[in-house]
Each structure stands twice: as C-alpha cells, then as structure tokens.
Amino acid sequence: MELCKEAAVKGIGTPNQEELGLINALARRELGADEVYTFALRLCDNDIDRDWERFDDATLEQLAPMFVGASGVFDHQWSARGQTARIYRAEVVGGEGLLTSDGRPYRFLKGWAYLMRTAENAALIAEIDGGIKREVSVGCAVERVVCSVCGQELDGCPHEKGEEYDGQVCHGVLTGAKDVYEWSFVAVPAQRRAGVIKSAGARLEDEARLGRKYLKGLRAELVRLAGIAEPELEHGLLEKVAGKLGEEELAGLIRVYRGRADRLLAPGPQLSYGQEEVPEGIADGAFLI
C-alpha cells in the first residue's frame, strides 16, 4: 500500500561539523558549511490520523534508514527539476511524555534535510525561516494494513475504520516498511491526513482492492444472515469464522442461511381455524350474517 502522510518543518540553518560529514556522504563534492542550509522535519508518527490509520512503532524504525538520501519535491511531482532538498539523517524519537489519542507513548520519525544556498533557493529558505513552508508529506509504501481490533488484514476483516467495537475504535495499523519514494512540500495545513500516490502498478492494486471489498461484503452478509437464522450464535464468533472463509465457501453458506432466514421471516396466515375439522358447507358460517 502506498501512502502519503503529512508532517512539519523547522528551520535550523548552518550545519555543525558532524552534520556536514553526513551531508558530504551524499554529496558529489566536499561542501562547506556556508554552502548548505539545514532544517528538521517531523516525517510521520504513531498516532491515529484523520483517515483512522497509524504507523506502528516497528515500522517507524524500519522507515528511518530508508529515508536517508530521499529527495524533497513539491506537491509530490516526481521530476528532477522539482527536487529541492535531501534528507541526510533520520531517527525515531519520543514525544517527551506525550501520548497518542488512544493512550500509547507518542513517537515520531524525525528527519534532517539540507538544500544548497543558491539564489534559486533563497526564497524557499526565507519561507522556511518565516514559517510559510511548514508542512511536508511523505510518500512511502507498507506491506500490510492490519485491523487494530482483530489483527487481520483490514480489507479482509468485518470491521470498519472509525467504528467502535466493545469500546475500541477500529483503525488501520500500517505495518512493514516496504519502500520510500520522497517527501514533499505541500500547501495544506499540518493536520493528520492520508492519501494514495498512484504508481505503475496502481491498476492492479485497484483491482485487488475491489476484490478485497467484494469479499468483505460477502463476509458481512454471511454474518447478517447467520445471525438471523441462528440468533444463539455469538456475533464475534460469526465474524471470526467468516473472516477465514474464501469466496466459494462464503457464497455457499450465504445460500444456505438466506434460505433459512427467508423461511423464518416469511409472513404467516393472519387467521387460523385451529386443528378442529369443520363440516363441509359451513366452513365460512362464522362470517355469515
């Protein structure tokens, strides 16, 4: 899954000797401290964002070395002309006693980036120092998005992001760092918000997403019908069983339970004559005036 997560920028200025050494490890020639401008970024964190997703701590740790050397662009426009800066150092840091919205210790991936002090970059440096360029968004890919409630793949489980289950709000946990593409200056407020960056494999991913959505719908329908046909079964157990079934199994059970549910919900006769036999010719006598 490819992601875009927003963060923030803080200007630093001139690098010290240690930082300059890290920068020169990426440069093609030895740069002087007066040639570069450095700034720090909060790239992404482990808090639940507005799309009901979060990175897990292990994934943040995996992303840190992958971001070293990543280029900064504008609005995720992937072109050489749009490259403005490069990250030379990244590490996961604590949030100084802060907690996430669900009560976990807050942690975030901090990056340090540099750009050249050129006439072309002078306006950008001024905007960073002046607090105009404050927001960035990172483009990366993760292996899985798992459900915070049941731990299964989110697209294949019966839970919905943002819904509450037994006092726990469901959200997607972004797990397993797969790749880092870039980070980008963006012109939106620094709020937790996610998006999808399309790639060459986007069509296949879209098709896979539709398939997962279809299976999710089948599982929800099976749980609904089974709950009607066999109300004594626990809802959580039905969800767990449905989550392990494939399309063919789900379709077969849905047919069975739909038949049972239809019979249970079928309307009965409004009038009944009971079991007593009524003599021929006077069956409707009670209704005669």
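Every chain is numbered on its own, with residues counted from 1 as its sequence reads. In view of the model being predicted, local features appear only for residues whose pLDDT reaches at least 70, and side-chain atom pairs are presented and counted only at 80 or more, with totals across whole chains, interfaces and linings using the full set of residues. The basis for every side-chain value is the complete set of non-hydrogen atoms in the structure, without hydrogens or water.

Caption draft 1: Seen up close, the environment of Asn 121. Structurally, Asn 121 is set in the loop between β6 (105-116) and α3 (122-129). The buried category is assigned to Asn 121, whose relative accessible area is 13%. Linking Asn 121 and Thr 84, residues 37 residues apart in sequence, is a C-alpha distance of 7.9 Å. Contacts are assigned to residue pairs with any non-hydrogen atoms lying within 4.5 Å of each other. Aside from chain neighbours lying at most four places away, what touches Asn 121 is Leu 115 and Met 116. Think of it this way: any DSSP run of H or I at least four residues long counts as a helix, any run of E at least two long counts as a strand, and we number them from the N terminus. Partly exposed residues are those whose accessible area sits between 20% and 50% of the maximum for their type, while under 20% is buried and over 50% is exposed, using a 1.4 Å probe and protein chains only.

Caption draft 2: Main features of helix α2 (residues 57-67). Restricting attention to buried positions, one finds in α2 the residues Thr 59, Leu 60, Leu 63, Ala 64 and Phe 67. Burial along α2 is one-sided: seen end-on, the buried residues are contained in an arc of 150°. Backbone geometry just after α2 places Gly 69 at a positive phi near 95°. Regarding the arc, it is the one traced by the directions from the helix axis to the C-beta atoms.

Caption draft 3: Broad picture of the confidence of the model for the chain. Scored from 0 to 100, pLDDT records how confident the predictor is in each individual residue. When pLDDT is averaged across the chain, the result is 78; 76% of the residues are at 70 or more. Within the chain, strand β11 (residues 194-195) has the poorest average pLDDT of any element, 26, and α2 the best, 95. The low-confidence segment residues 4-11 (pLDDT under 50) makes 53 contacts with residues lying over four places distant or belonging to another chain. Scored below 50 in pLDDT, residues 189-205 makes 35 contacts in the model with residues more than four places away or belonging to other chains.

Caption draft 4: Inspection of the pairing of strand β7 (residues 135-147) at higher detail. The buried fraction of β7 is high, at 11 of 13 residues. Strand pairing is defined by DSSP finding a minimum of two bridges between the two strands. Relative to strand β10 (residues 172-185), β7 is paired through 11 bridges, and the arrangement is antiparallel. Bridging from a neighbouring strand, Arg 144 pairs with Thr 175 of β10.

Caption draft 5: Quick peek at the nonpolar core. Working definition of a nonpolar core: buried Ala, Val, Leu, Ile, Met, Phe, Trp, Tyr and Cys residues. They are joined through side-chain atoms within 4.5 Å. Grouped together as the largest cluster of nonpolar side chains are 35 residues, with contacts concentrated most on Phe 39, Leu 43, Leu 63, Phe 67, Leu 109 and Trp 183. Counting residues per element, the ones that place at least two in this core are β2 (36-45), α2, β5 (85-99), β6, α3, β7 and β10. The element that contributes the greatest number of residues to this core is β7, accounting for six residues. When neighbours within four sequence positions are excluded, Leu 109 is seen to be in contact with Leu 41, Arg 42, Leu 43, Cys 44, Leu 60, Leu 63, Ala 64, Phe 67, Ala 90, Glu 91 and Val 92. Counting residues in hydrophobic clusters, the runner-up holds 13 residues, among them Leu 218, Leu 225, Ala 242 and Leu 245.

Caption draft 6: How the structure looks around the side chain of Thr 100. Looking at where Thr 100 falls in the secondary structure, it is placed in the loop between β5 and β6. Residue classification places Thr 100 among the buried residues on the basis of a relative accessible area of 5%. When neighbours within four sequence positions are excluded, Thr 100 is seen to be in contact with Asn 46, Asp 47, Pro 105 and Tyr 106.

Caption draft 7: How the structure looks around α3. Taken residue by residue, α3 has Leu 124, Ile 125 and Ile 128 as its buried positions. Taken around the axis of α3, the buried residues stretch over an arc of 100°, which confines them to a single face. Away from its buried face by more than 90 degrees, α3 exposes Ala 123 and Asp 129.

Caption draft 8: Expanded view of unusual backbone geometry. For Trp 52, which is not glycine, the phi dihedral falls at a positive 55°. Checked against the element boundaries, Trp 52 lands in the loop between β2 and β3 (53-55). Trp 52 sits in the partly exposed class, given a relative accessible area of 37%. The backbone of Asp 166 sits at a positive phi, close to 50°, despite the residue not being glycine.

Caption draft 9: Just the side chain of Asn 46, in detail. Tracing the chain through its elements places Asn 46 in the loop between β2 and β3. A relative accessible area of 0% means that Asn 46 is categorised as buried. Here a polar contact is taken to be a pair of N or O atoms separated by no more than 3.5 Å, where protein atoms must pair a possible hydrogen donor with a possible acceptor and residues adjacent in sequence count only if both atoms sit in side chains. Among the polar contacts made by the side chain of Asn 46, one reaches the main-chain amide nitrogen of Arg 107 at a distance of 3.0 Å. Apart from the residues within four sequence positions on either side, Asn 46 is in contact with Arg 54, Phe 55, Asp 57, Leu 60, Thr 100, Arg 104, Pro 105, Tyr 106 and Arg 107.

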